[in-house]
Amino acid sequence: MTFRLPYLLLLVLPLLGAAGQARAQAAGGSFGFEESSVAKVVQGTDTLAHTWAGGLNAPQFSSIDLNYDGRLDLYAFDRQTKRSYTFLNVAATGGGRRWQYAPVYENAFPTDLESWVALRDYDCDEKVDIFTFVTGANIRVFRNVGSASTGPVFQLAKDELDFALTPTASYNLVTGYYNMPAIQDINGDGRLDILTYDYLSSNRLELYLNTGTGSCTDLNSFQRTSNYWGLIQACADCSSYQPNGVALCQVMRPQQTLHSMGHNIVMTDLNGDGVLDLIDGRDNCPQLSRLLNTGNNSAASFTLPNISSNFPLAAPLTTSVFAAPFLFDTDFDGVKDLVVTANQVTNIDDHRTMRHTVQQFRNVSTSAVPSYTKVSDGFLQNDMLDLSEGAAPTFGDIDGDGLTDMVVGNQADAVNGFYRASLTYYRNVGTTRRPVFRLITDDYLGLAATAALTPTSKFESLRPFLVDLNRDGAIDLTYSVSTDNGNQLRFILNTASAGQAVSFNPALGDYFRPAGGTTPIAAFNGDTPCFFDID
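Residues numbered from 1 in each chain as written. Predicted model: local features only at pLDDT ≥ 70, side-chain atom pairs only at ≥ 80, totals over all residues. Heavy atoms only, no water.

1. Considerations on the environment of threonine 47
Here threonine 47 shows up in strand β6 (residues 46-47). Along the chain, threonine 47 and valine 436 lie 389 residues apart, while their C-alpha atoms are 9.3 Å from each other. Ignoring sequence-local partners within four residues, the contact set of threonine 47 consists of Lys40, Val41 and Val42. (Helix = DSSP H or I, 4+ residues; strand = E, 2+ residues; numbered from the N terminus. Contact = heavy atoms within 4.5 Å.)

2. Quick notes on the layout of surface pockets
If a probe the size of a water molecule is rolled over the atoms, the empty space left behind becomes visible. Each pocket or cavity is described by its volume, and for the largest pocket that value is around 1,200 Å³. Lining of the largest pocket is provided by 48 residues; of these, Ser63, Arg120, Leu327, Phe328 and Lys336 occupy positions nearest its centre. When contributions to the lining of the largest pocket are tallied by element, the ones reaching two or more residues are β7 (59-64), β8 (73-78), β10 (97-101), β11 (117-120), β17 (182-184), β23 (263-268) and β27 (323-328). Its residues placed into classes, the lining of the largest pocket shows 28 nonpolar, eight polar and twelve charged. (1 Å grid on protein atoms, 1.4 Å probe; cavity = no way out; pocket = protein on both sides within 12 Å on 5 of 7 lines; lining within 4 Å. Points joined across faces, edges and corners; volume = space filled by probe spheres on them. Nonpolar A, V, L, I, M, F, W, Y, C, P; charged D, E, K, R; others polar.)

3. A closer look at unusual backbone geometry
The omega torsion across phenylalanine 311 and proline 312 is 5°, close enough to zero to call that bond cis. With respect to the helices and strands, the residue proline 312 is situated in the loop between β26 (307-308) and β27. The residue phenylalanine 332 is not glycine, and still its phi comes out positive at about 65°. Position of phenylalanine 332 relative to the elements: it lies in the loop between β27 and β28 (337-342). Residue phenylalanine 332 is classed as partly exposed on the basis of its relative accessible area, which comes to 24%. (Buried < 20%, exposed > 50% of the residue type's maximum accessible area, 1.4 Å probe, protein only.)

4. Quick word on the sheet that holds strand β32 (residues 405-409)
The mixed open sheet is built from six strands, whose spatial order is β6-β5-β36-β35-β32-β31. Strands at the two margins of the open sheet, each flanked by one partner only, are β6 and β31 (392-396). Pairing of strand β5 (residues 40-43) with β6, which is carried by two bridges, proceeds in the antiparallel orientation. The residue of β6 that forms the bridge with valine 42 is threonine 47. (Pairing = 2+ DSSP bridges.)

Below, the structure is given as structure tokens:
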């Protein structure tokens, strides 16, 4: 038995370059949209390789052969946006390999993925399958039945993993919403096991071994062999643990970061002794902890001298909120590197920058003991048009040269201690048919700097739209923004003549009112003003 534990229309504009293809029938024919990299974006001296991929906030990485060429490609699931990304491992110009954004494969993945996703081959067919969170804090599994002709195809294999507690009683295998488990062969029998923190308090590790009789993983044969694996307890602050026999966790000191529920874990041999060690990232904590295992894989043992948060460098990491470790070959040298990402579900309370959230540490060791050196603070991310979060573009001729430029708003970004929205201006230095957008400023019109003069005020969710409001032939600027007074629809009229570089004076800006009214038109957070001739 199994037991269970009016002229103004408000629209949301999608970011350019959405993956895949959309088609719609119209009288007399059809039209559609297809992803293309016609427009380039230049920031400083760099031409972004994955401009229109959409940016990354909290990605979780897994390796997969997407095109069946025998080379490992890359999949990423973003925990905040609940979106799948796919990248091919392709030949680079001049030799070597590079990552190429390939959105055509993204539609192969289920659209209702949530919280965490790990790709692992459970049935020994050399095609990775999907293990993922499902409502109720359980684990569901999709089997990859794809081929070289179809690409990846996923079919639901198990809607909820169970484990045997006794010969006659099974329970659903619960990990919790925030915990991201380690799904790998832990005891060396070739079958996938599951190690996770307990879902109630998230302070003790639970080991679920696969006890199937075949050489591959049996999804119906998990058994919890330990609810106190390693005999260790995670304490409330970020870097403290209580091994068995050591005094109880210390009382929190003032100003210590309080650890809430949630761990991201992975197991790997860090000291070359053939035994799997533990890398642990914790919610509300910027650093990773390294726990060396002095026991064995089935019966781990940890001691305080072998626990450190000075990992993977000589000092603790400081940039993330909920650090998550991933091991895969980032630079095509055949050695697994370490990528550390932010893994928080939302940024509503933390108000951190969501740029540079994907840290890449190259494994430079030539021995069995990995040695990591940081090579990037934005693996893949730095090659995307990524303005922290909530990018909202609009297009118009800003400099009067006859070419369409781009202005992008955002939800907000943490800059110099202030969490504020801004407008980023990209000038078109290409042509009409082949635009090249070059970054000019990340605070166009100084709106973020002005908002920062009143540090306690709110200035977020800035969504612009360029349109000729007063019909003088020159584009004006409209935008919505969330402030302490709610969401407002504002505009700044262009005082330049048609065909000239725009002239916007934010001090002369105003907000939209109903005809004859004095109060602002009501709006909601995330609304974007758009204008149509509907009569």
